[in-house]
Amino acid sequence: NTLKELFGEDIEIQKKEDEYIYDPKSVFDLSGKGYKDARKKINNIANRNPVFFELEKDDVSAAVDVLDKWRSVQGKKNNFLFDWGYTRAALNAVGQFNSSDLQSWGLEVDKKLVGFSMAGPINNKTACFFVAKTLMGVKGASEYLRWRTFEKLQDYDFVNDASDLGIEGLRQYKRKLRPYKMKTVYTATI
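Summary of the structure given here. (Residues numbered from 1 in each chain as written. Predicted model: local features only at pLDDT ≥ 70, side-chain atom pairs only at ≥ 80, totals over all residues. Heavy atoms only, no water.)

### Focus on unusual backbone geometry
Okay, step 1: In this structure, Leu-30 is a non-glycine residue whose phi angle is positive, near 55 degrees.
Okay, step 2: Inspection of the secondary structure puts Leu-30 in the loop between α2 (24-29) and α3 (36-46).
Okay, step 3: In this structure, Lys-111 is a non-glycine residue whose phi angle is positive, near 60 degrees.
Okay, step 4: One can find Lys-111 in the loop between β3 (103-109) and β4 (112-121).
Okay, step 5: On the basis of relative accessibility, which here comes to 80%, the residue Lys-111 falls in the exposed class. (Helix = DSSP H or I, 4+ residues; strand = E, 2+ residues; numbered from the N terminus. Buried < 20%, exposed > 50% of the residue type's maximum accessible area, 1.4 Å probe, protein only.)

See below:
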């Protein structure tokens, strides 16, 4: 049954946003000219010997500092970005979940944490890449962090990487990683 059949005219269905769905193997492989810009940025930061590692409880305070710095810049540009609250809650839960339910990684450059990411399964074929934060001004850190996160998610056929929130720069950035497809999300109000 559709929602309209269940609730009749008492329900309003509206398109909310489009979410990016990626093939993690393709993103990690970075083959072809479509990934040229991402490869260039990843190679540039690779020269600085970044360290990608599993985030542990002892790393949480440094990750919260990254989140606070990210928010001070992005929050000024986009005052509707509310994901910092659930990101902080997810960081505070590091070490409390089984790694088959939630995985967290950090990225260090010059022995300083510059970013972190978090992901977990939606089902046995699809993962949810729900957090990626990097310090602004560290060129290539975001691309490298996402690339390495997609490496860790290669056991999945697809990775949901949420929407671009209507932010043009984020839209351009996410399109550079060549989404496999877009998936529309709807809201239903009774």
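### Details of the packing of α3 against helix α6 (residues 141-152)
Okay, step 1: Contact geometry of α3 with α6 gives a least axis separation of 8 Å together with a crossing angle of 100 degrees. Relative to α6, the element α3 is oriented roughly perpendicular. On α6, the residues touching Lys-41, Ile-42 and Ile-45 of α3 are Ala-141, Glu-143, Tyr-144 and Trp-147.
Okay, step 2: Grouping the amino acids of the contact of α3 with α6 by side-chain chemistry returns five nonpolar, no polar and two charged. (Axes fitted to C-alpha atoms, helices over the stretch in contact; angles between N-to-C directions. Parallel < 35°, antiparallel > 145°, perpendicular 65-115°, else oblique. Contact = heavy atoms within 4.5 Å. Nonpolar A, V, L, I, M, F, W, Y, C, P; charged D, E, K, R; others polar.)

### Points about the packing of aromatic side chains
Okay, step 1: In total, this model carries eight aromatic pairs according to the counting rule given.
Okay, step 2: For the pair Tyr-20 and Tyr-22, a centre-to-centre distance of 6.3 Å together with 15 degrees between the ring planes defines the contact as stacked.
Okay, step 3: On the basis of relative accessible area, Tyr-20 is assigned to the buried category, the value being 1%.
Okay, step 4: With a centroid separation of 6.5 Å and an interplanar angle of 35 degrees, the aromatic rings of Tyr-86 and Phe-130 are classed as tilted. Placement of Tyr-86 in helix α5 (residues 83-92) and of Phe-130 in strand β5 (residues 126-134) is noted, with a sequence separation of 44 residues between them.
Okay, step 5: Overall, the relative accessible area of 44% leaves Tyr-86 in the partly exposed class.
Okay, step 6: The ring of Phe-129 carries the charged tip of Arg-146 above its face, separated from the ring centre by 5.0 Å.
Okay, step 7: Against the face of Phe-158 rests Lys-181, its NZ or CZ located 5.6 Å from the ring centre. (Phe/Tyr/Trp six-rings, centres within 6.5 Å; stacked < 30°, edge-to-face > 60°. Lys NZ or Arg CZ within 6 Å of the ring centre and 35° of its normal.)

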